[in-house]
Amino acid sequence: MNVADFIAQATAPKGKLGPWEAEIVALLAAGVSYRQVVVFLASQGVAVSVGAVHEFVHAKKRVSKLAGAKGEPVAPTVKTEAPVANPTTTPAKPGELPKFVWDATRKREIDW
C-alpha cells in the first residue's frame, strides 16, 4: 500500500450513511423529512433509524463548520453587546461583564 492508497482509504466515507451523504443532503435540501429519507434508504437496502439520520446530518454540519475555521476561533454570527438593563448597570467594555451597582434609594418598579 502506498501513501495515495492510504490517504484514499483514510478519507473514504465512514459508517453506514457515509456513502449516502450526497443523496441525504439532496433529499433534505428538497424539503423531504427525516422519516422520508429513512424510507428512501430502506428502498436502497440500508436499514437505519430516523435518529441515526438526524445525528449523521448534524455531525456533518459540525464537521463542515469546523473545517471552514482552519484552526482559527469561530467568530460569533451575531454581534452581541452587553445589555444595559437599568441605570444602575454600567456598560461593559468588550469582553467584560457589566458592572452592577446597588442603588438602595431607587424606587421599586415592581410591586409584589
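Everything numeric in this text was worked out from a predicted model, so none of it was measured.

(A) Region of interest: the packing of aromatic side chains. Within the structure shown, the criterion is met by one aromatic pair. Ring geometry for Trp-20 and Phe-40: centres 6.3 Å apart, planes at 85 degrees, overall edge-to-face. Of the two residues, Trp-20 sits in the loop between helix H1 (3–10) and helix H2 (21–29) while Phe-40 sits in helix H3 (residues 34–43), which places them 20 residues apart along the sequence. On the accessibility criterion, Trp-20 (19% relative accessible area) is buried.

(B) Structural view of the nonpolar core. By size, the foremost hydrophobic cluster in this structure holds 11 residues: Leu-17, Trp-20, Ile-24, Val-37, Val-38, Leu-41, Val-46, Val-48, Val-53, Phe-56 and Val-57. Going through the elements one at a time, H3 and helix H4 (50–69) are the ones with two or more residues in this core. The contact partners of Val-46, leaving out residues within four places of it in the chain, are Lys-16, Leu-17, Trp-20 and Leu-41.

(C) Examining the packing of H2 against H3 more closely. Where H2 contacts H3, the axes come no closer than 10 Å and their chain directions differ by 140 degrees. It follows that H2 is oblique to H3 by the angle criterion. The interaxial crossing formed by H2 with H3 has right-handed handedness. Within the contact between the two elements, H2 uses Glu-23, Ile-24, Leu-27 and Leu-28 and H3 uses Tyr-34, Val-37, Phe-40 and Leu-41. Here the contact of H2 with H3 is composed, by residue class, of seven nonpolar, no polar and one charged.

Parameters at a glance
One numbering rule holds for all chains: residues counted from 1, following each sequence as written. Residue-level local features of this predicted model are given only where pLDDT is at least 70; pairs of side-chain atoms are given and counted only at 80 or more, and the full residue set underlies all totals for whole chains, interfaces and linings. Side-chain numbers here rest on the full set of heavy atoms in the structure, without hydrogens or water. Only centres within 6.5 Å qualify two rings of Phe, Tyr or Trp (six-membered ring in Trp) as a pair; their planes then separate them into stacked at under 30 degrees, edge-to-face at over 60, and tilted for everything else. Put simply, DSSP marks the helices as runs of H or I at least four residues long and the strands as runs of E at least two long, and each gets a number from the N terminus on. For the exposure calls, accessible area comes from a 1.4 Å probe over protein chains only, and a residue counts as buried if that area is under 20% of its type's maximum, exposed if over 50%, partly exposed in between. Among buried residues, those of type Ala, Val, Leu, Ile, Met, Phe, Trp, Tyr and Cys that are joined through side-chain atoms within 4.5 Å constitute a nonpolar core. Here, two residues are considered to be in contact whenever any of their heavy atoms come within 4.5 Å of each other. Lines fitted to the C-alpha atoms define the axes, with helices restricted to the stretch that makes contact. Angles between their N-to-C directions range from 0 to 180 degrees. Roughly parallel means an angle under 35 degrees; roughly antiparallel, over 145; roughly perpendicular, 65 to 115; everything else is oblique. Handedness of each helix crossing follows the sense of rotation of the near helix against the far helix: counterclockwise by less than a right angle gives left-handed, clockwise gives right-handed. Amino acids outside the nonpolar list (Ala, Val, Leu, Ile, Met, Phe, Trp, Tyr, Cys, Pro) and the charged list (Asp, Glu, Lys, Arg) are all regarded as polar, and Gly is one of them.

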